[in-house]
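Report on the structure
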Amino acid sequence: RSTPIYTLFPYTTLFRSALDDDALDLVFSLVQKKRKDDKVYMEFKSKSVKNHIKSAEKAGARYLVLVGSTEMSSGLLTLKDMVKREEKQIRLEEF
């Protein structure tokens, strides 16, 4: 079982998005896994990073995780803190 996001960060609202269509299945499985412990929103279509950030802001998400082919091949995800405007790299299996 994965570590709940609230044990890693002070807020639990997370927004996940796919940067390309190839990543949609992975994003969906990650969302299903995290919904057991956290409040998670998912964008169901791929679009630009800028538009994903705008959507996360509108949803009031504290964190944003974008997944694309680069993240899928490297196994590293970038967690963006929408309030502090900071980023942190985390391994896919740790998330």
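These figures come from a predicted structure and were not determined experimentally.

1. What to know about the nonpolar core
- Of all hydrophobic cores here, the largest spans 14 residues; its most connected members are Val27, Val65, Val67, Leu77, Leu79 and Phe95.
- Mapped onto this core, the elements with two or more residues apiece are helix 2 (24-34), strand 2 (39-42), strand 3 (63-67) and strand 4 (76-81).
- Listed in part, the five residues of the second largest apolar core include Ala61, Leu64, Leu66 and Met82.

2. Observations concerning the confidence of the model for the protein
- Mean pLDDT for the protein: 76, with 82% of residues reaching 70 or above.
- Element-level pLDDT for the protein is lowest in helix 1 (residues 5-8), with a mean of 42, against a maximum mean of 90 in strand 5 (residues 86-91).
- Overall, residues 3-12 carries pLDDT values under 50, and its contacts beyond four positions in sequence, including any with other chains, amount to 20 contacts.

3. Re helix 2
- Listed as buried for helix 2 are Val27, Leu30, Val31 and Lys34. Mapping the buried residues of helix 2 onto a view down its axis gives an arc of 100°, with all of them on the same face.

4. Side note on unusual backbone geometry
- Located in the positive-phi region is Arg85, a residue other than glycine, with phi close to 60°.
- Assignment of secondary structure puts Arg85 in the loop between strand 4 and strand 5.

5. Here we look at the pattern of salt bridges
- Using the criterion set out here, one finds four salt bridges in the structure.
- Across the salt bridge formed by Arg62 and Asp81, the nearest N and O atoms sit 2.9 Å from each other. Here Arg62, found in the loop between helix 3 (49-59) and strand 3, pairs with Asp81, found in strand 4; they are 19 residues apart in sequence, far enough to count as distant.
- Judged by its relative accessible area of 9%, Asp81 is buried.

6. Looking at the pairing of strand 3
- Of all five residues making up strand 3, five are buried, and the element is well covered by its neighbours.
- Here strand 3 shows a buried face lined by Tyr63, Val65 and Val67 and a second buried face lined by Leu64 and Leu66.

7. Examining the pairing of strand 5
- One ladder, built from six bridges, connects strand 4 with strand 5; its direction is antiparallel. Following the sheet pairing, Lys80 is matched in strand 5 by Glu87.
- The hairpin formed by strand 4 and strand 5 contains four residues between the paired strands, and Arg85 there has a positive phi angle of roughly 60°.

8. Describing the side chain of Thr78
- Within the element layout of this structure, Thr78 appears in strand 4.
- Residue classification places Thr78 among the buried positions, given a relative accessible area of 14%.
- At 2.7 Å, the side chain of Thr78 and the side chain of Gln89 are in polar contact.
- Thr78 has contacts with Leu64, Val65, Leu66, Glu87, Lys88 and Gln89, leaving out every residue within four places of it along the chain.

Conventions used here
Residues numbered from 1 in each chain as written. Predicted model: local features only at pLDDT ≥ 70, side-chain atom pairs only at ≥ 80, totals over all residues. Heavy atoms only, no water. Core = buried A, V, L, I, M, F, W, Y, C linked by side-chain atoms within 4.5 Å. Buried < 20%, exposed > 50% of the residue type's maximum accessible area, 1.4 Å probe, protein only. Helix = DSSP H or I, 4+ residues; strand = E, 2+ residues; numbered from the N terminus. pLDDT = per-residue confidence, 0-100. Contact = heavy atoms within 4.5 Å. Arc of directions from axis to C-beta. Salt bridge = Lys/Arg side-chain N within 4 Å of Asp/Glu carboxyl O. Pairing = 2+ DSSP bridges. Polar contact = N/O pair within 3.5 Å; in protein donor to acceptor, adjacent residues only side chain to side chain.

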